[in-house]
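Geometric and topological summary
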Amino acid sequence: MEIEAELAQTIAQEVSRSTHHNINFFDTSGHCIASTDPSRIGSFHEAAFLAANRRVTVEVDDSKQYIGARNGINVPVSFQGQVVAVIGITGRKQDVKPFGDVLRRMTEILLQENFERTTRFDKSMTMANLVTLLLTDQSDPSMLSYLSSALNVDLAQDHICLVAAFDGKDHSYQDRASLLNDMNAFLERQASGSFFSLRPQTATFFIPLASIGSGQDSILQLADRLAVPLSHHVKSFFIGISDPFHPGDQAEGQAEGFPAAYQTAFLQASMAADSASRRMTGTYLTFDSLDIDILLRSSKEEDRRVFLSHVLGDMTDEEIRQASDLFLTYTACNGSIIRTARELFLHKNTVQNRLNKITDLTGYNPRDLKDHTVLALAFAIQRAYGYTGN
């Protein structure tokens, strides 16, 4: 393991603050790569060389001198069973010797923490690359195999896709590293074999069904649990859940079919998350619970605007709001004037007059089945995309 000079300098400064002595960090060849005394950097230190090769602490004082060494102690530092560096503390032997074990332990802890941090970062980058590759039209099967093997995930299993869409007004998350760590820890505990990618406004998760169970309740429970660590970092978000999908069998040479299956699931989950954010009725929404949203999402914005202008174009925002509320209640009451009046605390004549007003303003009669369908679609578009009237 080769330790970078920047990391070594950070460790030297950290240890120096605790011991109040100059600290030198040496590689296993005895050369100083970091020090709180800049004049020592780059010099050869015989005592450090011996400490690394003999795997013992080497003391230096007036009675025992070494090339390039000053009085103090030099302690070998091990990582995963191998000596990877030597850390030296300058001073009188009797003053600095008590720091020996503490010095070694502090350094090894800092190295371990850096290793774990780097490993988590590498894993996050690998997962992000895998997700990107799976959502690309033309992907490399050999690269898919390499990345999935590196992460120890089985792409051939049945999966679901979850997309967490962050509210744009929330300015996303502040601490990416902390969010990545929490998501990694959550998936390792709750859904092993999963992988995910984090972007400024979304997080995309692919979860193997075998790790959570294929039932709808198991999937929704996972979404509930996932929302807990997410809520520590993002104030407002909505989770969309795809249908379970089977991407194919890599062993049969069908790796090229993986992206299509994953893209479909990603689009389903994204659509559900988008619909959840517009409905504002809960934290998550499943794709199989969508209805008209599927049609709306696939339509062009320009076409939606033209249609809405044609049906509701002569109405003000307030008229649209009142008409939409009445229409939704009227529909929920299956066209019953009496039930609609009761729900809205209105006289039945008032309900009839307001239904007539909708007809006058739009040219479509809510009581007519054909016209009702047109109005239902128009009000659904208006609620979903927030288009305004005149």
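The present account deals with the structure reproduced in this document. (Residues numbered from 1 in each chain as written. Predicted model: local features only at pLDDT ≥ 70, side-chain atom pairs only at ≥ 80, totals over all residues. Heavy atoms only, no water.)

Here the focus is helix 11 (residues 317-332). In a regular helix each residue adds 1.5 Å, so 16 residues correspond to 22 Å; helix 11 covers 22 Å between its end C-alpha atoms and thus fits that length. Taken as a whole, helix 11 has its buried residues at Ile320, Ala323, Ser324, Leu326, Phe327, Thr329 and Tyr330. (Helix = DSSP H or I, 4+ residues; strand = E, 2+ residues; numbered from the N terminus. Expected span 1.5 Å × (residues − 1). Buried < 20%, exposed > 50% of the residue type's maximum accessible area, 1.4 Å probe, protein only.)

Another point: the packing of aromatic side chains. Geometrically, a pair of aromatic rings is defined through the distance of the ring centres and the angle of the planes. Using the criterion set out here, one finds six aromatic pairs in the structure. Both rings, one in Phe206 and one in Phe245, keep their centres 6.4 Å apart while their planes meet at 80°; by these two values the pair is edge-to-face. Within this pair, whereas Phe206 is found in strand 8 (residues 202-208), its partner Phe245 is found in the loop between strand 9 (237-241) and helix 8 (258-279), the two being separated by 39 residues in sequence. Note on accessibility: Phe206 and Phe245 belong to one class, buried. Ring pairing ties together the aromatic residues Phe195, Phe206 and Phe245, which thus form one cluster. (Phe/Tyr/Trp six-rings, centres within 6.5 Å; stacked < 30°, edge-to-face > 60°.)

A few words now on the nonpolar core. The biggest cluster of nonpolar side chains holds 43 residues, and the ones touching the most others in it are Leu130, Leu162, Phe195, Phe205, Ile207, Leu230 and Ile239. Elements with a minimum of two residues in this core: helix 4 (100-134), helix 5 (141-151), strand 6 (159-166), helix 6 (176-190), strand 7 (195-198), strand 8, helix 7 (216-231) and strand 9. Counting residues in each nonpolar core, the second largest holds 20 residues, with Leu7, Ile23, Ala34 and Leu111 among its members. (Core = buried A, V, L, I, M, F, W, Y, C linked by side-chain atoms within 4.5 Å.)

Of note in this structure, Arg55 is not a glycine but carries a positive phi near 60°. Looking at where Arg55 falls in the secondary structure, it is placed in the loop between helix 2 (46-54) and strand 3 (58-60). On the basis of relative accessible area, Arg55 is assigned to the partly exposed category, the value being 48%. The backbone phi angle of Gln80 is positive, close to 55°, even though this residue is not glycine. Position of Gln80 among the secondary structure elements: in the loop between strand 4 (72-79) and strand 5 (82-90).

Turning to the pairing of strand 1 (residues 23-26), a few remarks are in order. Along strand 1, one buried face is formed by Ile23 and Phe25 and the opposite face, lined by Asn24 and Phe26, is buried too. Summarising the sheet, strand 1 and strand 5 pair through four bridges and their orientation is antiparallel. Residue Ile23 lies in a different strand from strand 5, and its bridge partner there is Ile89. Connecting strand 1 to the next strand, strand 2 (residues 32-35), in antiparallel fashion are five residues, including Gly30 with a positive phi near 90°. (Pairing = 2+ DSSP bridges.)

Here we come to the side chain of Asp37. Relative to the assigned elements, Asp37 resides in the loop between strand 2 and helix 2. By relative accessible area, which is 17% here, Asp37 ends up buried. A polar side-chain atom of Asp37 sits 3.2 Å from a polar atom in the side chain of Arg70. Apart from residues lying up to four places away in sequence, Asp37 is in contact with Asn22 and Arg70. (Polar contact = N/O pair within 3.5 Å; in protein donor to acceptor, adjacent residues only side chain to side chain. Contact = heavy atoms within 4.5 Å.)

Taken in spatial order, the five strands make up an open sheet running 2-1-5-4-3, and their pairing is antiparallel. Only two strands of the sheet have a single partner each, and these edge strands are strand 2 and strand 3. Sheet twist, expressed as the average angle between the axes of neighbouring strands with direction ignored, equals 25°. Strands strand 1, strand 4 and strand 5 of the sheet are contacted by helix 4, whose axis makes an angle of about 35° with strand 4. (Axes fitted to C-alpha atoms, helices over the stretch in contact; angles between N-to-C directions.)

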